[in-house]
Amino acid sequence: MFIYAPPLPRMDIKYLSDAKGAITGVFIPLEDWTQLKKQYNIREDAPAESGAKLQKGLADALKKAKVEPDTEE
């Protein structure tokens, strides 16, 4: 079954880093997070997923939203 989801507008994602410059997190504006939760049926009351599964899910969501993460280290 395929459910059409219209593309999201460009997100204003900010990358968080530690004192050494290593990326440690991502900030997604609440409006964008709310839209992602609706679009991908994300439940915040669900048990936490494994790190690898969560990372893949987020990477897939970013690809669908046409957002390229900064991969420089």
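Everything here concerns the structure above.
Everything quoted here is computed from the prediction, not taken from an experiment.

(A) Broad picture of the pattern of salt bridges. Summed over the entire model, instances satisfying the criterion amount to two salt bridges. Salt-bridge contacts for K14 lead to D12; the nearest nitrogen and oxygen are separated by 2.8 Å. Classification of K14 by relative accessible area gives partly exposed; the value is 40%. The residue K56 makes a salt bridge to D60 at a minimum N-O spacing of 2.8 Å. Highlighted residues: K56 and D60, both in helix α2 (residues 51-64), separated by four residues, approximately one helical turn. Since its relative accessible area comes to 53%, K56 is described here as exposed. Residue classification places D60 among the partly exposed positions, given a relative accessible area of 28%.

(B) Region of interest: α2. With 14 residues, α2 should reach 20 Å at 1.5 Å per residue; the first-to-last C-alpha distance of 20 Å fits that figure. Residue K66 follows α2 closely and has a positive phi angle near 60°.

Conventions used here
- Residues numbered from 1 in each chain as written.
- Predicted model: local features only at pLDDT ≥ 70, side-chain atom pairs only at ≥ 80, totals over all residues.
- Heavy atoms only, no water.
- Salt bridge = Lys/Arg side-chain N within 4 Å of Asp/Glu carboxyl O.
- Buried < 20%, exposed > 50% of the residue type's maximum accessible area, 1.4 Å probe, protein only.
- Helix = DSSP H or I, 4+ residues; strand = E, 2+ residues; numbered from the N terminus.
- Expected span 1.5 Å × (residues − 1).

What is shown is where atoms sit, not what they do.
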